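Residue-level structural notes
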Amino acid sequence: MSADSNHPKDHAGETANPAVDGTELIRFDHVTKRFGTNTVLDSLDFTVSSGKHVTLIGPSGSGKTTILRLLMTLLKPDEGTIKVGGEYLTHEEKGGKLVPAGEKHIREVRKNIGMVFQQFNLFPNMKVLRNITEAPVHVLGMEKDAAEERARELLDLVGLTEHLDKYPTQLSGGQQQRVAIARALAMRPQVLLLDEVTSALDPELVAGVLDVLRDIAHTTDITMLCVTHEMNFARDISDDVLMFDAGRVIESGSPEKIFTEPEHERTREFLSAVL
Ligand SMILES: Nc1ncnc2c1ncn2[C@@H]1O[C@H](COP(=O)(O)OP(=O)(O)OP(=O)(O)O)[C@@H](O)[C@H]1O
């Protein structure tokens, strides 16, 4: 696998992308999300700095996937604001006032965000190469040749160069998920959202996908926000772990702190059930 990826780090360990300088990339301010009478996120505040890998952990139903879906604008918050790259995702400024964001504004901010889902969601009627080039060509307006060159680099990164001419159904679940990762990176997002990306895989295919993500985490400067039940993976790649319970962050810190010296009783209970 090649180390050439989203924004490769240079030899001095500095990032090659001037946009990635540790500044705040994601900001949730007092975000509340309800489904009927169920308050899933309760005035949630958190930030993610650019270039960091942050993992969300917590019991089932604690609101982790809801956070990713809000960032993808698949859901809207009932209260509060979300910013990505300094721009409001949920709102836009018009005439000095903050108003609900329009479709055009949302599309622009969303270009900075890529997501890999539990179910790979590839286009079944397109071969692997075209699955990866489709959005760069049609959404970003990239030249087809340049998009294909980039797709080949990404297929090398995810170890699938020899499969570019196959349809998704001709690949294993693990291979399909690696195509989905390449497809998300092809849009050169600043942040990659990973939602339980190995949950739908047969156990023997999980390690291959996690190895690819480890490689991406360690060789690129992309920001990652990850929901996973794979605690060893979370420990390996995370700069920060956020422990959720009942729609709030109850504890956060380095993986060493959270996994070895959790302060909160709920964190200890959760970890003893999953580790
Ligand atoms: N579209 C929806 N309509 C109604 N309720 C929803 C919807 N989406 C999520 N919920 C509810 O919101 C709560 C949080 O769901 P979410 O998927 O964010 O939790 P999670 O922490 O990711 O859980 P898991 O680890 O099981 O995936 C759950 O109680 C869920 O049933």
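These figures come from a predicted structure and were not determined experimentally. (Residues numbered from 1 in each chain as written. Predicted model: local features only at pLDDT ≥ 70, side-chain atom pairs only at ≥ 80, totals over all residues.)

1. Describing the confidence of the model for the protein
- With 92% of its residues at a pLDDT of 70 or more, the protein has an overall mean of 90.
- Predicted confidence for residues 1-20 stays below pLDDT 50, and this span has 44 contacts to residues more than four positions away or in other chains.
- The ipTM for the predicted assembly is 0.96, set against a pTM of 0.89. (pLDDT = per-residue confidence, 0-100. Contact = placed C-beta atoms within 7 Å.)

2. A short note on the sheet that holds strand E10 (residues 223-227)
- Strand order in the open sheet made by the 6 strands is E8-E9-E10-E3-E11-E12, with mixed pairing throughout. Each edge of the open sheet carries a strand with a single partner, namely strand E8 (113-116) and strand E12 (248-253). Taken over all neighbouring pairs, the strand axes of this sheet differ in orientation by 20 degrees on average, direction set aside.
- Pairing geometry for strand E9 (residues 191-195) and E10, over 5 bridges, is parallel. Among the inter-strand pairings, Leu192 is bridged to a residue of E10, identified as Met224. (Pairing = 2+ DSSP bridges. Helix = DSSP H or I, 4+ residues; strand = E, 2+ residues; numbered from the N terminus. Axes fitted to C-alpha atoms, helices over the stretch in contact; angles between N-to-C directions.)

3. Overview of the site of the ligand
- What surrounds the ligand is the set Phe35, Asn38, Val40, Gly58, Ser60, Gly61, Ser62, Gly63, Lys64, Thr65 and Thr66.
- Those elements that place two or more of their residues in the shell around the ligand are strand E2 (38-49) and helix H1 (64-71).
- The element contributing the most residues to the shell around the ligand is H1, with 3 residues.
- Among the residues making up the shell around the ligand, the classes are represented as 2 nonpolar, 8 polar and 1 charged. (Near = placed C-beta within 6 Å. Nonpolar A, V, L, I, M, F, W, Y, C, P; charged D, E, K, R; others polar.)

4. Let's talk about the packing of helix H3 (residues 128-138) against helix H5 (residues 173-186)
- The geometry of H3 relative to H5 is characterised by a closest axis approach of 8 Å and an angle of 25 degrees between their N-to-C directions. Regarding the angle of H3 to H5, the classification is roughly parallel. Classified by chirality, the crossing of H5 by H3 is right-handed. Within the contact between the two elements, H3 uses Val128, Asn131, Ile132, Ala135 and Pro136 and H5 uses Val179, Ala182, Arg183 and Ala186.
- Of the residues contributing to the contact of H3 with H5, the split by class is 7 nonpolar, 1 polar and 1 charged. (Parallel < 35°, antiparallel > 145°, perpendicular 65-115°, else oblique. Left-handed = near helix turned anticlockwise from the far one by under 90°.)

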